[in-house]
Amino acid sequence: MTPVQTTKMSNFRWVICGLLFLATTINYMDRQVLSLTWKDFIAPDFHWTDDHYGTITGLFSIFYAVANLFAGKFIDWMGTKKGYLIAIFVWSVGACLHAFCGWGAIGLAGGSITALTTISVWLFLACRMILAVGEAGNFPAAIKVTAEYFPKKDRAFSTSIFNSGASVGALAAPATIPLLARAWGWEMAFIVIGVLGFFWMGLWAWLYDKPAKNKRVNQAELNYIEQDADIANVQDRENVKEEKTIPFWQCFKFKQTWSFIVGKFMTDGVWWFFLFWAPAYFSDQYGYTSDSTMGILLILTLYLIVTVVSIGGGYLPTYFVEKKGMNPYLGRMRAMLIFACFPLLGLLAQPLGAISAWWPAILIGFLGAGHQAWSANLFSTIGDMFPKSTIGTITGIGSMAGGIGSFLINKGSGKFFTWADGQGDAFTFFGFDGKPAAYMIVFCFCAVAYLIGWFIMKTLVPKYKPIVVE
């Protein structure tokens, strides 16, 4: 036994997981400020319609998609420590800049209402672009860190923990942002939430280093982390080497890459749709504004269900691997099939909403929980199949596909809702008229998207087949 080894394993990997959770929480709070303020605070100032908001959220998704194409490669090239710091700095600056859009639009509009609306949309789009460029680095960096700090059998669980930051951020946002906007104005809501990222940067710079070089990770923990590799019992911690990376364009020749692309494209937009539109849905359909007590309780209930139920989703593959003897990929796909059935509850959200607004909140909560559990396992399939040196790149490529899917559903929904609202009783679907009918149609797509995605993924990669770089 060397001096660096102890009989008891350190558990610093969970501290790192906690930092990833905190970053993801901040990420989603920054993303949520607009959705929780536009309908009741920003739209009255700038005369926005659903179509205007759909344009902003849709193009944010495109900015995010394009940025992801490069963010993953950037993280692989820059490394997780510096890359993550740069990413959160950029998105925190972008988040704070939203506060100045109102003042800028009023100054440039010159009293014209039409100009005020147009200029405000363009200014918000510019800030959303900066936010998207920075936020694109979060998941490539976090998934790469998870692969660095956890063995394959634990990655889905650790990913589900940090990925739950998305629902915790979405849970904390409605409890704080509308109240900040009411008390100090919507501009301060962007600034207060935006500065949280700068505090996280200090923690990351202080605590993070690769496991083999991190003095807080003892030899026993390093051996546990590296149990899937030939270097499990390496004593020369300074000379632990990564595998060779896969060139960017060569990644597209693997079916494993396309499987991940399909999974993200089919399902990311569902999560983003509810993230961006749920507050407006409860305001439109039931009259509960985002800063009303009932509006806050409905959103809190929705994301509380997401948070509590989804964390257990990361453990299910571990159960299949350890108790049922499956390989990690097979266990993960079995779990994903189960979670793909959760969103089917979304088919009942609009019909039962006629009884009470609590029904859509609860059912969409379970739909969101299914998504988060699905997402944690989907991300973990990258670590199952690809070398660590390429994980950021593959995550970025798949997230780009998810961003494109999100653009289609968000921009499409905005135009669809505006059109359906104008049609009124002339447009019907399953007993609903006008905008409620449009919501029902979108909910139907969200309900079946995961099963479609799962069957395509299973067709592309029917069994475990890791990629080895010579």
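Residues numbered from 1 in each chain as written. Predicted model: local features only at pLDDT ≥ 70, side-chain atom pairs only at ≥ 80, totals over all residues. Heavy atoms only, no water.

**Q** Which parts of the structure should I look at to understand the overall build of the protein?
**A** Of regular secondary structure, the protein possesses 18 helices and 2 strands. Taken over the C-alpha trace, the protein has a radius of gyration of 22 Å; the compact-globule value for 470 residues is 23 Å, and the two agree within 12%. Reported as C-alpha extents along the three principal axes, the dimensions of the protein are approximately 75 × 45 × 40 Å. When burial is assessed residue by residue, the protein has 59% of its 470 residues classed as buried. Counting contacts in the protein only where the partners sit at least 6 residues apart, residues at least 24 apart contribute 82% of the total. With an accessible surface of roughly 17800 Å², the protein has 69% of that area assigned to carbon and sulfur atoms. Separation of charge centres in the protein, based on 34 positive and 28 negative side chains, amounts to 9 Å. (Helix = DSSP H or I, 4+ residues; strand = E, 2+ residues; numbered from the N terminus. Rg over C-alpha atoms; globule rule 2.2 N^0.38 Å. Buried < 20%, exposed > 50% of the residue type's maximum accessible area, 1.4 Å probe, protein only. Contact = heavy atoms within 4.5 Å. Areas by Shrake-Rupley, 256 points an atom, 1.4 Å probe, with all protein chains shown as cover. Lys, Arg positive; Asp, Glu negative; His and termini not counted. Charge placed at Lys NZ, Arg CZ, Asp CG, Glu CD.)

**Q** I keep staring at the nonpolar core and nothing clicks. Help me out?
**A** Side chains of a nonpolar character, in soluble globular proteins, are inclined to be buried together. Formed by 142 residues in total, the largest nonpolar core has its most connected members in Trp-48, Phe-124 and Phe-273. Considering each element in turn, this core owes the most residues, 17 residues, to helix H1 (residues 12–46). Each residue touching Trp-48, except ones within four places of it in the same chain, is listed here: Leu-34, Trp-38, Ile-42, Ala-43, Ile-56, Thr-117, Ser-120, Val-121 and Phe-124. (Core = buried A, V, L, I, M, F, W, Y, C linked by side-chain atoms within 4.5 Å.)

**Q** I tried to follow the side chain of Glu-148 on my own but got confused; where do I start?
**A** When you line up the elements, Glu-148 lands in helix H6 (residues 138–149). No salt bridge is formed by the buried Glu-148; its nearest oppositely charged neighbour, Lys-210, is found at 4.5 Å. Here Tyr-208 takes part through its side chain, which lies 2.5 Å from a polar atom of the side chain of Glu-148. (Salt bridge = Lys/Arg side-chain N within 4 Å of Asp/Glu carboxyl O. Polar contact = N/O pair within 3.5 Å; in protein donor to acceptor, adjacent residues only side chain to side chain.)

**Q** Mind showing me how you'd approach unusual backbone geometry here?
**A** Unusually for a residue other than glycine, His-47 sits at a positive phi of about 60°. Along the chain, the position of His-47 falls in the loop between H1 and helix H2 (50–78). A residue is classified by how much of its surface remains accessible, and His-47, at 41% relative accessible area, is partly exposed. For Phe-430, which is not glycine, the phi dihedral falls at a positive 50°. Here Phe-430 is to be found in the loop between strand E1 (428–429) and strand E2 (432–433).

**Q** Explain helix H16 (residues 358–385) here, please?
**A** For the α-helix, the turn length of 3.6 residues means that residues three or four positions removed from each other point alike. The terminal C-alpha atoms of H16 lie 41 Å apart, and with 28 residues this matches the ideal 40 Å at 1.5 Å per residue to within 8%. Most of H16 sits inside the fold, with 24 of its 28 residues counted as buried. (Expected span 1.5 Å × (residues − 1).)

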